[in-house]
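# Architecture and fold: a report
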Amino acid sequence: MARVTVEDCIDKVENRFELVLLASHRARLLAAGAPLTIDRDRDKNPVCALREIGDETITADDLKEQLIHSMQKYVEVDEPEAETVPLLSSSPAAAAVAPQSSSDDSAVQFDRMSEEDLLRGLENLAPPTETDDEAE
């Protein structure tokens, strides 16, 4: 059987550089376990990739899209904007401070705690119990 060459595939993909990029990408896919669309005939993956392109069992446009997708580091997904959800709290003081449904963010209020309140709260915390490993 005659070997496939770049000249045999150049009518399928006009640019030689693009043909080599697509064939190498397809050869990597074959090495990763992608199914063949032709008979292997003891050919290596680059030759099988060129034969697939030459026989048009795989279109160059599909390979191009797969190659572009594989090189992208960040694929932007259009997701709806998250709606503002009111803060749910169990304490009535926090409910009084929580913003009532306002359309702008400038009306958002935050809880303010004085230094004395913070120190009182820290004094009420129990120290961690000492384990046998820490005592040694």
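For the structure, see preceding data.
I will try to describe carefully the structure that is included in this document. (Residues numbered from 1 in each chain as written. Predicted model: local features only at pLDDT ≥ 70, side-chain atom pairs only at ≥ 80, totals over all residues. Heavy atoms only, no water.)

### Re unusual backbone geometry
Look at D41: it is not a glycine, yet its phi comes out positive at around 50 degrees. Within the secondary structure, D41 is located in the loop between α2 (16-31) and α3 (45-54). A positive phi angle is found at R42, which is not glycine, with a value near 60 degrees. Within the element layout of this structure, R42 appears in the loop between α2 and α3. (Helix = DSSP H or I, 4+ residues; strand = E, 2+ residues; numbered from the N terminus.)

### Topic: the pattern of salt bridges
Counted by the stated rule, this structure contains six salt bridges. Put simply, R26 and E52 hold a salt bridge, and the shortest N to O gap is 2.5 Å. Of the two residues, R26 is situated in helix α2 and E52 in helix α3; the sequence distance between them amounts to 26 residues. R26 gets classed as buried once you look at its relative accessible area, which sits at 5%. Across the pair D43 and R51 runs a salt bridge whose closest N-O atoms are separated by 2.6 Å. (Salt bridge = Lys/Arg side-chain N within 4 Å of Asp/Glu carboxyl O. Buried < 20%, exposed > 50% of the residue type's maximum accessible area, 1.4 Å probe, protein only.)

### Here we look at the nonpolar core
Among the nonpolar cores identified, the biggest contains 13 residues, and C9, L19, L22, L50 and I53 are the most heavily contacted of them. If you list the elements that add at least two residues to this core, you get α2, α3 and α4 (60-71). Looking at this core element by element, the count peaks at four residues for α2. Not counting residues up to four positions away in its chain, the partners in contact with L22 are V13, I53, A60, L63, K64 and L67. (Core = buried A, V, L, I, M, F, W, Y, C linked by side-chain atoms within 4.5 Å. Contact = heavy atoms within 4.5 Å.)

### A word on a nonpolar patch on the surface
Together, M113, L118, L119, L122 and L125 give the surface a local cluster of nonpolar side chains, amounting to about 520 Å² of exposed area. Here L122 shows up in helix α6 (residues 115-123). (Patch = residues over 30% accessible without salt bridge, like charges linked within 9 Å, V, L, I, M, F, W, Y side chains within 5 Å. Areas by Shrake-Rupley, 256 points an atom, 1.4 Å probe, with all protein chains shown as cover.)

### Here's the deal with the side chain of E52
On the basis of relative accessibility, which here comes to 0%, the residue E52 falls in the buried class. In this structure the side chain of E52 is engaged in a polar contact, spanning 3.0 Å, whose partner is the backbone nitrogen of T37. Once you skip the residues sitting within four places of it in the chain, E52 turns out to touch R26, L30, P35, L36, T37, I38, T57 and I58. (Polar contact = N/O pair within 3.5 Å; in protein donor to acceptor, adjacent residues only side chain to side chain.)

### Here we look at α2
Between its first and last C-alpha atoms α2 spans 22 Å; for 16 residues at 1.5 Å apiece the expected length is 22 Å, and the two agree. Looking at α2, one finds that the buried residues are L19, L22, A23, H25, R26, A27 and L30. Contacts from the buried residues of α2 go to α1 (6-9), α3 and α4. With a side-chain oxygen positioned 3.0 Å from the backbone nitrogen of F17, the residue opening α2 is N15. Where α2 ends, the next residue or the one after it, G33, has phi of about 115 degrees, a positive value. (Expected span 1.5 Å × (residues − 1).)

Purely spatial values, then, with no claim about function.
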